[in-house]
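Observations on the model geometry
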Amino acid sequence: MRHGVRLGVDPGDARIGVARSDPTGFLATPLETVRRGKGDLARIARLVREEDVVEVVVGLPRSLSGGEGPAAVKTREFATRLAERVAPVVVRLQDERLTTVSAEAMLRDRGKKGAERRAVVDQAAAVLILQHALDTERATGRPPGEVVPGRRVRGENVTGES
């Protein structure tokens, strides 16, 4: 397992959930919710610097069949803009099918309702995205997901393979 703090990002239309890992890459925890719009990328870039992040994992919404629709296109555009802001920190896209649904269910089971749940669901989804990426790397010994296309980072090609 590679050492260093990672950020998990769940970009939505209104809010962006952000989670962070511990430096050993074992556990993801909620960090904050960033309001979508002017300054959102700058805030996430600031978090990358403040938390001394080595990698950002962005959730890529795919359909149940694995296809990519309009939401995935928007996420890829967001991830590309983020990668430009935080370079040379690696930005990866990680499949996030049903992450928000799982986060909603988990929070509902814990008694969170209405506005209270909406306030943290994005962070909870970011935690699930990041934890899945961490667990995948620990199980396979390989970095998860795909490096954001169009740039080479620290000897990796755009598929994330060395």
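Provided above is the structure to which this section pertains.
From a predicted model like this one, the values you see are computed outputs, not experimental measurements.

The rules behind these values
Residues numbered from 1 in each chain as written. Predicted model: local features only at pLDDT ≥ 70, side-chain atom pairs only at ≥ 80, totals over all residues. Heavy atoms only, no water. Pairing = 2+ DSSP bridges. Helix = DSSP H or I, 4+ residues; strand = E, 2+ residues; numbered from the N terminus. Contact = heavy atoms within 4.5 Å. Axes fitted to C-alpha atoms, helices over the stretch in contact; angles between N-to-C directions. Buried < 20%, exposed > 50% of the residue type's maximum accessible area, 1.4 Å probe, protein only. 1 Å grid on protein atoms, 1.4 Å probe; cavity = no way out; pocket = protein on both sides within 12 Å on 5 of 7 lines; lining within 4 Å. Points joined across faces, edges and corners; volume = space filled by probe spheres on them. Nonpolar A, V, L, I, M, F, W, Y, C, P; charged D, E, K, R; others polar.

One open sheet accounts for six strands, arranged β3-β2-β1-β4-β5-β6; its pairing is mixed. Looking at strand neighbours, the two that pair on one side only are β3 (28-35) and β6 (146-147), the edges of this open sheet. Sheet topology places strand β1 (residues 5-11) next to strand β4 (residues 53-60); five bridges connect them, and they run parallel. Bridge pairing in β4 places Val9 opposite Val58. In the packing of helix α2 (residues 70-86) onto the sheet, the strands contacted are β1, β2 (15-21), β4, β5 (90-95) and β6, and the crossing angle to β4 comes to about 170 degrees.

Next up on the list: unusual backbone geometry. Cis peptide bonds are those with omega within 30 degrees of zero, and the linkage from Ala87 to Pro88 qualifies with 10 degrees. Within the secondary structure, Pro88 sits in the loop between α2 and β5. Located in the positive-phi region is Asp52, a residue other than glycine, with phi close to 55 degrees. Counting through the fold element by element, Asp52 comes out in the loop between α1 (40-50) and β4. Residue classification places Asp52 among the exposed positions, given a relative accessible area of 62%.

Glancing now at the pairing of β4. Most of β4 sits out of view: seven of its eight residues are buried. In terms of strand pairing, β4 meets β5 through six bridges, oriented parallel. Note on β5: the bridge partner recorded for Glu55 is Val90.

If you add up the space inside the largest pocket, you get close to 280 Å³. Pro11, Gly12, Asp13, Ala71 and Thr75 are the residues nearest the centre of the largest pocket, which is lined by 15 residues in total. Elements with a minimum of two residues in the lining of the largest pocket: β1 and α2. It is α2 that contributes the most residues to the lining of the largest pocket, four residues altogether. Partitioning the lining of the largest pocket into residue classes produces five nonpolar, three polar and seven charged.

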